[in-house]
Amino acid sequence: MNKPSPRPLPASIAATVDLLAEAEYLADRSLGTVLFLALKMGRPIFLEGEAGVGKTEIAKVLSSTLGRRLIRLQCYEGLDVAAAVYEWNYAAQMIAIRVAEAEGEHDRARLEHDVFSERFLIKRPLLQALEPDTAGPPVLLIDEIDRTDEAFEAFLLEVLGDFQITIPEMGTVKAAHPPIVVITSNRTREVHDALKRRCLYHWVGYPTAERELAIVGAKVPGVSKKLTEQVVAFVQALRKQDLFKSPGVAETLDWAGALSELDVVALDPATVSDTLGVLLKYQDDIARLEGGKVKELLDEVKSELRAAE
Amino acid sequence: MAEVQPADQQGRLAENILYFARALRAAGIPVGPGAVLDALEAVKAAGVGTRDDFYWTLHAVFVKRHEHSILFDQAFRIFFRRRGYVDQLLAMMLPQTPGVPQAPQAGATRIHEALFSGLDDKLKKEREIELDARMTVSDREVLQHKDFAQMTSAEIAAAKAAIKRLVLPLAEIRTRRLKPHPRGHLIDIRRTLRASMKGGGDFIDLRFIGPKTKPPPLVALLDISGSMSQYSRIFLHFLHDLTDARKRVATFLFGTRLTNVTRALRERDPDEALAGCSAAVPDWSGGTRIASSLRNFNKLWARRVLSQGAVVLLITDGLERDADDTLAFEIDRLHRSCRRLVWLNPLLRFDGFEARARGIKTMLPYVDEFRPIHNLESMAELVAALQHGGGRAGDPKAWMQKVA
């Protein structure tokens, strides 16, 4: 990826939507509004939605179009301060103590002050995000926050509310310019209201057929218009079915890519059945579509497309 | 595009947002005073251009949960009914006779109640007529609420004591976190270093960390159908105390439909909590649709509450009239998405119970533990039945063999 030069923040909602569109992220007006507000008001943005609707992508696109550094914190169970915020470089501290000893330094206060200084601090994503950057404040992506536990959420309150972190041995580190914070959640558990209160909330839903068409067109070039239309219409029809997990935009893109790799020009029931694993990830859902259901859906989709022409 | 408003119009806008926030609050969306300030700031930042932008600006600030979107949408529509600009907004608050009633939409009744409860009587009457019309459309099932007897303090104390003694199956699970531990398996370098600092660094006094355990999330699915009605009070009281004592407890009630009452049970006072549950649930003591309730749970909630190794406590008598493949399918899915599925069955009045009913037979193969309870009368008995005895006491296979 080429390194884009830093750019000022967009000045209006329309400019925000255009900015995202530059990186082929086609956002609707509501997402544009929330993003614009988040940038303008300097508030974290909390994106919730099903897997594969492009939540993480927003942070990546923001960082690339604004030319800011992207700092990513992937959450997982057991994530602790040492992995997310900072850690002391213990080996270096030990050596420093031994050296001090060899030099005959026995002033405890002085030693402690020396050993717990910034020199021995290993900065992890959250602390890095508070540091000044020449390109402007970085984009901090806290991905899948629902995977970590409540204890860590509570820790984030200080970071997100005041953009500062307290290190007991050193004091408080405060960001001169707050980073652009994007938090995503798949909603595998409820995130506490105290955290949400500090953020602007947006539910990222499945796109409309029109927008999905544009997304596939932009992201998977080289697929014929006809096939794209069929793919999108089929996926949209699939989302109306009673499935355990509906396919997201990521699946649509994967599928369009897979079909173009297979040199398919138009959908037929056999091809759809063979490649259904790209769209649906639960055996129950795949089983539900077996036995003529695919053909039925496909016929419906095709007749609708014909009617629209 | 009206980017800048004159001062008095901004004042009205602020007032309107304040009223709107109040209406949202009354409709059940938690909107704090901080959110109102945020909304004002946001509207100023965005510059009220089109109605859509205004909508999404307020949405971004006021809505913090996906399920509140629909309430917000209704409230916005009714509150800012007329298309127009900021100076017209205040007029919307004035009493006006409504236009042609439209088909009722989800959440509309609540919003109506929230918005128009403070207006004068005459208008109220008109509104009521409209509300009545709405009710006839939506209420097809026979629904009823339930009154619970108030708790006596002795009852509450006994329950608290019983809960304290309760050790559920899988009481503690190991987390991936570590905590200071005298005989831990890893050296806690940070504490070690700090400790040795005290002596000027001459001695290195080793400190250890070991695994941290905590109770897994508990999800209770409680049957409140007619056949279970005599037990619902004791179970709800039990779940309330459990919610109080442990951190992650989610409670769902089901009869013909599924209701999440976790928030209601967080209320400190047991009477208030039970009243809250009663108010939230429209289908007390009706029929049972276990399969469709489980299906709803699997589809809408399983992925949201069953993460991090949850234990599911299914409390039902298993008397499903139409036990078919869907029941087996749904209970199988539930079983596969949680760490442990414990079925507590209070129907068995006498010891000679045999799992004859079809619903029971269908569900038994899919549960990890089966805990029958006879003559449930006190919390102590309930706790004793749930107590993790170890061995094969709760093994569903033993019950299966009895039938075969």
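All values reported here derive from a predicted model rather than from experimental measurement.

Enquirer: Help me get a handle on the sheet that holds strand β6 (residues 258-260) of chain B, residues and values and all.
Expert: All names here are of chain B. Strand order in the open sheet formed by six strands is β6-β5-β4-β7-β8-β9, and the pairing between neighbours is mixed. Bordering the open sheet on either side are β6 and β9 (369-372), each of which pairs with just one other strand. Within this sheet the neighbouring strands show an average axis-to-axis angle of 20°, counted without direction. In terms of strand pairing, strand β4 (residues 218-223) meets strand β7 (residues 311-315) through five bridges, oriented parallel. The residue bridging V219 from the neighbouring strand is V312, located in β7.

Enquirer: How would you sum up the pairing of strand β9 (residues 200-203) of chain A? Please name residues and give values.
Expert: All names here are of chain A. Of the two faces of β9, the one holding L200 and H202 and the one holding Y201 and W203 are both buried throughout. Two elements, strand β1 (residues 45-48) and β9, share four bridges in a ladder whose sense is parallel. Note that in β9 the partner of L47 across the bridge is H202.

Enquirer: Help me get a handle on the packing of helix α1 (residues 13-22) of chain A against helix α2 (residues 29-41) of chain A, residues and values and all.
Expert: Residue and element names in this part refer to chain A. One way to put it is that α1 packs onto α2 with a least axis distance of 8 Å and a crossing angle of 105°. With respect to α2, the axis of α1 lies roughly perpendicular. Touching I13, T16 and V17 of α1 are R29, G32, T33, L35 and F36, all from α2. Grouping the amino acids of the contact of α1 with α2 by side-chain chemistry returns four nonpolar, three polar and one charged.

Enquirer: How would you sum up the nonpolar core? Please name residues and give values.
Expert: Membership of the largest hydrophobic core comes to 104 residues, with the highest contact counts inside it found for I45(A), V182(A), L200(A), L24(B), A39(B) and F62(B). Other than its neighbours up to four places away in sequence, L24(B) contacts I29(B), V31(B), F62(B), F72(B) and A75(B).

Enquirer: Run through unusual backbone geometry, naming residues and quoting values.
Expert: The backbone of F163(A) shows a phi angle near 50°, a positive value even though the residue is not glycine. Positionally, F163(A) belongs in the loop between α8 (150-162) and β6 (164-167). Of the residues examined, F163(A) has 21 C-beta atoms within 10 Å and is grouped as buried. If you check the backbone angles, Q308(B) has positive phi at about 55° while not being a glycine. Within the secondary structure layout, Q308(B) lies in the loop between α13 (290-305) and β7.

Enquirer: I'd like a description of the pairing of strand β8 (residues 180-185) of chain A, backed by residues and values.
Expert: Residue and element names in this part refer to chain A. The element β8 is extensively covered by neighbouring structure, given that six of its six residues are classed as buried. Relative to β8, β1 runs parallel, the two being bridged by four bridges. Within β8, the position partnered with L47 by the bridge is T184. Across four bridges, the pairing between strand β5 (residues 139-143) and β8 is parallel.

Enquirer: An account of the environment of A60(B) is needed here, citing residue identities and associated values.
Expert: Position of A60(B) relative to the elements: it lies in helix α3 (residues 51-62). Residues A60(B) and A42(B), 18 residues apart in the sequence, show an inter-C-alpha distance of 8.8 Å.

Quick notes on the rules
- Residues numbered from 1 in each chain as written.
- Chains lettered and ligands numbered in written order.
- Predicted model: local features only at pLDDT ≥ 70, side-chain atom pairs only at ≥ 80, totals over all residues.
- Pairing = 2+ DSSP bridges.
- Helix = DSSP H or I, 4+ residues; strand = E, 2+ residues; numbered from the N terminus.
- Axes fitted to C-alpha atoms, helices over the stretch in contact; angles between N-to-C directions.
- Buried ≥ 20, exposed ≤ 12 C-beta atoms within 10 Å, placed from the backbone.
- Parallel < 35°, antiparallel > 145°, perpendicular 65-115°, else oblique.
- Contact = placed C-beta atoms within 7 Å.
- Nonpolar A, V, L, I, M, F, W, Y, C, P; charged D, E, K, R; others polar.
- Core = buried A, V, L, I, M, F, W, Y, C linked by C-beta atoms within 7 Å.

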